[in-house]
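Residues per chain are reported as follows:
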Amino acid sequence: MIAQVIVDVAARQTDRVFEYHVPDGLDADVGSRVIVPFGRRKVQGFIVSLTEQSSFAGQLKDLLLVVDEMPPLTEELVELSADLAREIFAYRISILKTMLPGVMRANYRKILVPASEQAAKLPLFQGDEVDLANLEEAHLIKMVKQLISKGEARIEYLVENQARKKMTAVYFPRLKAEEYRELLNEVRAGASQQKKLLSDLAENLPAYPKSREQLKELGISTAALKNALEKNWLSLKEVEQYRRPTKPVAPSQPLKLNADQAAVLDRISQDLQAHKSQTFLLEGVTGSGKTEVYLQAISQALALGRTALMLVPEISLTPQMVRQVQSRFGQQVAVLHSALSEGERYDEWRRIRRGEAQVVVGARSAVFAPLHNIGLIIIDEEHEGSYKQDNNPRYHARDVAIWRSRYHGCPLILGSATPSLASRARAQKGVYQLLRLQKRAKNQPLPRVDLIDLKHVQFAGSQFDLSCPLTEAIQDRLAKKEQVILLLNRRGFANFMLCRNCGFVLKCPNCDLSLTMHKDTWTMQCHYCGYQEAVPEVCPNCRDRQIRFLGTGTQKVQEELSELFPQAKILRMDVDTTRRKGSYERILTSFGRGEADILLGTQMIAKGLDFPNVTLVGVVNADTGLWLPDYNASEKTFELLTQVAGRAGRADKEGQVMIQTYNPDHYAIRLAQKQDYELFYAKEMQVRHAGDYPPYFYTVLVSVSAKNEQNAAREAFKIKRQLLSVLKAPTIVLGPAPATISRLKNQYYYQILVKYKREKHLNELLHQIQDQAQEVKKYGLNVEIDPEPERIM
DNA sequence: AGCACGCCGACT
DNA sequence: GTCGGCGTGCTC
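Numbering of residues begins from 1 in every chain and follows the order in which that chain's sequence is written. Chain letters and ligand numbers both follow the written order, the letters beginning at A and the numbers at 1. A pLDDT threshold of at least 70 governs which residues receive local features in this predicted model, and a stricter bar of 80 or more applies before side-chain atom pairs are shown or counted, although totals over entire chains, interfaces and linings include all residues. Hydrogens and water molecules were not included; the side-chain quantities draw on all heavy atoms of the structure.

What chain A contains, in helices and strands, is 22 helices and 34 strands. It is over C-alpha atoms that the radius of gyration is taken, and the globule rule equals 2.2 Å times the number of residues to the power 0.38. Its C-alpha atoms give chain A a radius of gyration of 31 Å, within 12% of the compact-globule value 28 Å for 793 residues. If one aligns the C-alpha atoms of chain A with their principal axes, the spans along those axes are about 95 × 75 × 60 Å. Out of the 793 residues in chain A, the part that is buried amounts to 54%. Working rule for contacts: check all heavy atoms of both residues, and any pair within 4.5 Å makes them a contact. Excluding contacts between residues fewer than 6 apart, the proportion of contacts in chain A whose partners are at least 24 apart in sequence is 74%. Only the protein chains shown count as cover for residues, and the accessible areas themselves come from Shrake-Rupley with a 1.4 Å probe. When the accessible area of chain A is evaluated, it comes to approximately 36600 Å², of which 49% is carbon and sulfur surface. To qualify as a helix, a DSSP run of H or I must reach at least 4 residues; to qualify as a strand, a run of E must reach at least 2; elements of each kind are numbered from the N terminus. Burial classes follow relative accessibility: with a 1.4 Å probe on protein chains only, a residue under 20% of its type's maximum area counts as buried, one over 50% as exposed, and anything between as partly exposed.

Here it is in structure tokens:
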């Protein structure tokens, strides 16, 4: 038997199978994680197929070890990895590694071992093993080299498995319930602990085996247990114990659906029953009851003996959310997200792999959960940018979900109040099936949304951050002991030019996108086409001198708030205050308990939070994201404002939303005020059409980086020429232009954007460029290819 | 990637 | 003469 193995060496030349002979007695299968000899060393690898006939001319080496008792990868995942690698220009091994929990990544070590008894007596070998990676002293390095060349020592290559199982001691019963009952009569009267133990055994025998902790909770001491072991009432065994990230929760019953919800569920149910792979776009305003539809659809999948996968953005994977799913499906649920420890993640993952969990809730990478027989996939808040991984391998969870939906013949639900334009457009074309939930489930009215035009308003504090109307409204809520959420839109921290007098924003004449100020060169630059001009001193529109380069921070606003409301308690939530594990949750619970009056934060407070006492939501600066040099700036702004507006007045109290903006007439802001997604969609599609942007065009971003700016630029131009030699209209090749952060960690970035409708040879051409990238890497040039980038900055 | 081989200049 | 710098090529 011959195994075809993808080895753990991420490089162009090794991005293919290597064949190994499977020695007798080794239980190797497709998907197995194995250790193989590779050149002089040993590496980890994954078997992607088994054959009888080798295509390799040389002598095959033997597999050394099969690491896990059960292959970690299913055949489906092995197949998926091949397709995905091709699509997103990633090495297959990188994809296989991202499919698995982090602890399955191998740890490589090189140690020196003596080759003779003589050598073993050297002082060098007397302490711990000699790890060659930690060898620093020059004389020791020299000595080691001599030993090796004289044949007195050799290097041993180790591949270590980091996966650890947690073992725990549990007590098994050795007798029958009646026998324990009889024993209960025999023990002497004073032996209270023994009595407790025996009566528990007699009455709750099916609940056994029990752990030491469980028995201690019953008031049975270690001494009493020792005694029970000696008397052969119990036996002790070490068994594996799962590290569970969540506590059991009280079960919940399905809610009664309204007519809209029932119709949607019914439509999904049809394809679920029919084993049909169909993508649904479920468009439903905040509070329309999407979650209940998800839960009941999952129930149906389970009833058919199938499994379900539900993805949510990391940020909304709050304990409340997880609890909701768990209260419906209990122990069948496995949870996968970044707040888990490595051990917890490994154990949750193994529960899935072993078929012990049938429902998976998780963030982006959970899309690779090793479920069998998937009956339903759900992506909630499908418009969220976090579903696309922004470093290698740059996969989009939605694309992976579509692939898996085809593989399993199951429905995929994309749910959102503000679907991404790409998804909404596909629904328009009939690629996805559009389903709508237009009413709020409990028939609450949408909150009132007011726009505050910052061009014609008095500011309350010393800074130009908080207007009088907003501060008055805050004052009012503070007096009523109600709570306030303030959102500071940090997206778009890049400095753009804004006129305080007329609201004018300096834009690129070719691209209709805002220019970004570069302090180093004192120029305004376009990051799409490379256009640049000098930083203006007066507003090019109205000649006013009151021009500003925007960018504000939560700290600054917090200071201003405490200045205006010295008596108010303010909680700040941003990357700085949530860096530590669990702090996100801590801040939210504290606010939920009413320990603060105002919650001030960035994007992260806009999602999925539900605080009944919040009656005012203020947006400090709606515009910052609007003039970002990205074609989807309006879409992201609309999304954010609509989501945040949904945070006000979710219970019985009426809510109000105040949005401060310099651009009250901009369609993204106006339509967010009206909460009119459909109109926004129509308008934005026109804009995208006029600008040849997605979803009318597909995009690929090729970025080149180097320590030396000229080298990066030169290579970028070379790649552009190469692209132009093959690609023809209507394909558009823009750039190279310096990236928004043109220098990052001393690397200069240049990027080329390819916009295309249909290009048969593009994939092949990009693979060629990727191959060349490996060659030019030695000159310090890095080339990266990002299909359908989320951000082009 | 990482390891060896091989070629060249620099030194005890 | 040998040590160590980096370019080149290979890994089943």
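Here the narrative resumes.
Now for the packing of helix α10 (residues 290-303) against helix α11 (residues 319-329). At a closest axis distance of 11 Å, the pairing of α10 and α11 adopts a crossing angle of 35 degrees. For the crossing formed where α10 meets α11, the hand is right-handed. Two secondary-structure elements touch here, α10 through Thr-291, Glu-292, Leu-295, Gln-296, Ile-298, Ser-299 and Leu-302 and α11 through Gln-324, Val-325, Arg-328 and Phe-329. Only Asp, Glu, Lys and Arg are considered charged in this grouping, and only Ala, Val, Leu, Ile, Met, Phe, Trp, Tyr, Cys and Pro are considered nonpolar; every other residue, Gly among them, is considered polar. Residue classes in the contact of α10 with α11 are distributed as 5 nonpolar, 4 polar and 2 charged. Fitted lines through C-alpha atoms give the axes, limited to the stretch in contact for helices. The angle between two N-to-C directions lies from 0 to 180 degrees. Should the near helix be turned anticlockwise from the far one by less than a right angle, the crossing is termed left-handed; should it be turned clockwise, right-handed.

Here we take up the UniProt feature "binding site: Zn(2+) 1" (unreviewed entry) in chain A. Per the UniProt record, the feature "binding site: Zn(2+) 1" (unreviewed entry) sits at Cys-499, Cys-502, Cys-539 and Cys-542. Maximum C-alpha separation among the annotated residues is 8.6 Å over a sequence range of 44 residues, consistent with a single clustered spot. Along the chain, Cys-539 falls in the loop between β25 (532-534) and β26 (547-549). When sequence neighbours within four positions are dropped, the list of residues in contact with Cys-539 reads Cys-499, Cys-502, Phe-504, Asp-544 and Ile-547. Following the sequence through the fold, Cys-542 ends up in the loop between β25 and β26. A relative accessible area of 28% places Cys-542 in the partly exposed class. In contact with Cys-542, not counting residues within four places along its chain, are Cys-499, Asn-501 and Cys-502. UniProt positions are given in the numbering used here, feature names are shortened, and annotations may be inferred rather than shown by experiment.

A few words now on the sheet that holds strand β24 (residues 523-525). Strand pairing is defined by DSSP finding a minimum of two bridges between the two strands. Here we have 3 strands laid out as an open sheet, ordered β23-β24-β25, and antiparallel in their pairing. Only two strands of the sheet have a single partner each, and these edge strands are β23 (516-518) and β25. The average undirected angle you get between the axes of adjacent strands in this sheet is 30 degrees. In the sheet, β23 pairs with β24 via 3 bridges, with the strands oriented antiparallel. Each residue of the ladder has a partner; that of Thr-516, found in β24, is Gln-525.

As a further point, take the pairing of strand β14 (residues 307-311). Along a regular strand, successive side chains alternate from one face of the sheet to the other. Burial analysis of β14 places 5 of its 5 residues in the buried class, which makes it a mostly covered element. In β14, alternate side chains face the same way, and those of Thr-307, Leu-309 and Leu-311 on one face and Ala-308 and Met-310 on the other are all buried. Pairing analysis gives 5 bridges linking β14 to strand β17 (residues 374-380), with the strands arranged parallel. Within β17, the position partnered with Thr-307 by the bridge is Ile-374. Relative to strand β16 (residues 359-362), β14 runs parallel, the two being bridged by 4 bridges. Looking at β16, one finds that Met-310 is bridged to Val-361.

Next up on the list: the protein's contact with DNA strand B. By convention in this text, a residue qualifies as near a molecule or strand provided that one of its non-hydrogen atoms is within 4 Å of it. The local shell around DNA strand B consists of Val-9, Ala-10, Ala-11, Arg-40, Arg-41, Lys-110, Tyr-157 and Gln-774. Near the protein, meaning within 4 Å, the atoms of DNA strand B are sugar or phosphate in a fraction of 68%, with bases accounting for the rest. Under this definition, polar contacts are N or O atom pairs within 3.5 Å; protein pairs additionally need one hydrogen-donor-capable and one acceptor-capable atom, and for neighbouring residues in sequence, both atoms have to be side-chain atoms. The contact in question runs from a base nitrogen of DNA strand B to an N or O atom on the side chain of Arg-41, over 3.3 Å. One of the side-chain nitrogen or oxygen atoms of Lys-110 is found 3.4 Å away from a phosphate oxygen of DNA strand B. Along the lines of polarity and charge, the residues of the surface near DNA strand B split into 4 nonpolar, 1 polar and 3 charged.

Further remarks concern the protein's contact with DNA strand C. Looking at DNA strand C, the residues that line it are Gln-13, Thr-14, Arg-16, Phe-18, Glu-19, Tyr-20, Pro-37, Phe-38, Gly-39, Phe-56, Leu-60 and Lys-61. Take the atoms of DNA strand C that sit within 4 Å of the protein: sugar and phosphate atoms are 44% of them. Arg-16 is positioned such that a nitrogen or oxygen atom in its side chain is 3.4 Å from a base nitrogen of DNA strand C. Pro-37 is positioned with one of its backbone polar atoms (N or O) 3.0 Å from a phosphate oxygen of DNA strand C. Listing elements by their share of the surface near DNA strand C, those giving two or more residues are β2 (17-21) and β3 (33-38). Among the elements that make up the surface near DNA strand C, the one with the highest residue count is β2 (3 residues). The residue inventory of the surface near DNA strand C, partitioned by class, reads 6 nonpolar, 3 polar and 3 charged.

Attention shifts here to the sheet that holds β16. Each strand in a sheet pairs with another by means of backbone hydrogen bonds, the pair being arranged parallel or else antiparallel. One open sheet accounts for 7 strands, arranged β15-β16-β14-β17-β18-β13-β19; its pairing is parallel. Each having just a single partner strand, β15 (333-336) and β19 (433-437) make up the two edges of the open sheet. Strand-to-strand, the axes of this sheet are offset by a mean angle of 15 degrees, without reference to chain direction. Across the sheet, helix α13 (residues 397-408) lies against β13 (279-284), β14, β17 and β18 (412-416), angled at about 160 degrees from β17, the strand it touches most.

Definition used for salt bridges: Asp or Glu carboxyl oxygen within 4 Å of a side-chain nitrogen of Lys or Arg. For the coordinates displayed, the defined rule picks out 38 salt bridges. Arg-109 is the partner of Glu-129 in a salt bridge, and the nearest nitrogen-oxygen pair spans 2.5 Å. Of the two residues, Glu-129 is situated in the loop between α3 (117-120) and β8 (130-131) and Arg-109 in strand β7 (residues 107-114); the sequence distance between them amounts to 20 residues. Given a relative accessible area of 45%, Glu-129 falls into the partly exposed group. Under the relative-accessibility criterion, Arg-109 is labelled partly exposed at 22%.

Attention shifts here to the nonpolar core. To qualify as a nonpolar core, a set must consist of buried Ala, Val, Leu, Ile, Met, Phe, Trp, Tyr and Cys residues joined through side-chain atoms within 4.5 Å. One finds Ile-474, Leu-561, Ile-598 and Leu-599 to be the most contacted residues of the largest nonpolar core, which totals 65 residues. Excluding residues that lie within four positions of it along the chain, Ile-598 makes contacts with Ile-474, Leu-478, Val-484, Leu-486, Leu-561, Ala-568, Lys-569, Ile-570, Leu-571 and Phe-591. Counting 50 residues, the second-largest nonpolar core is a separate cluster that includes Leu-84, Ala-366, Ala-369 and Leu-371.

Along the polypeptide, Thr-471 turns up in helix α15 (residues 468-480). The exposure class assigned to Thr-471 is buried, which follows from its relative accessible area of 9%. Note: C-alpha distance between Thr-471 and Val-359 (112 residues apart in sequence) is 46 Å. For Thr-471, the residues in contact, after removing those within four places along its chain, are Ala-460, Leu-466, Leu-564 and Phe-565. Within polar-contact distance, the side chain of Thr-471 engages the backbone oxygen of Ser-467 at 2.9 Å. Of note is the side chain of Thr-471, whose polar atom sits 2.9 Å from the backbone oxygen of Cys-468.

UniProt feature "binding site: Zn(2+) 2" (unreviewed entry): in the numbering of this structure it lies at Cys-508, Cys-511, Cys-526 and Cys-529. Its place among the elements puts Cys-508 in the loop between β22 (497-499) and β23. Classification of Cys-508 as buried rests on a relative accessible area of 3%. Ignoring any residue separated from it by four or fewer positions in sequence, one finds Cys-508 in contact with Leu-513, Leu-515, Cys-526, Cys-529 and Tyr-531.

The terminal C-alpha atoms of helix α21 (residues 709-726) lie 26 Å apart, and with 18 residues this matches the ideal 26 Å at 1.5 Å per residue to within 8%. Along α21, the positions that sit buried rather than exposed are Ala-712, Ala-713, Glu-715, Ala-716, Ile-719, Lys-720, Gln-722 and Leu-723. The N-cap residue of α21 is Asn-708: its side-chain oxygen and the backbone nitrogen of Gln-710 are 2.8 Å apart. In a helix, the anticipated span is given by 1.5 Å times the number of residues less one.

A separate point is a negative patch on the surface. Within this analysis, patches are made of residues with over 30% relative accessible area and no salt bridge. Like charges are joined at 9 Å or less; nonpolar side chains (Val, Leu, Ile, Met, Phe, Trp, Tyr) at 5 Å or less. Under the counting rule used here, the positive set is Lys and Arg, the negative set is Asp and Glu, and His together with the chain ends is not counted. A charged residue contributes its charge at one atom only: NZ of Lys, CZ of Arg, CG of Asp or CD of Glu. On the surface, Asp-27, Asp-29, Glu-75 and Glu-79 cluster together into a patch of negative charge. Relative to the helices and strands, Asp-27 resides in the loop between β2 and β3. The class of Asp-27 is exposed, set by a relative accessible area of 65%.

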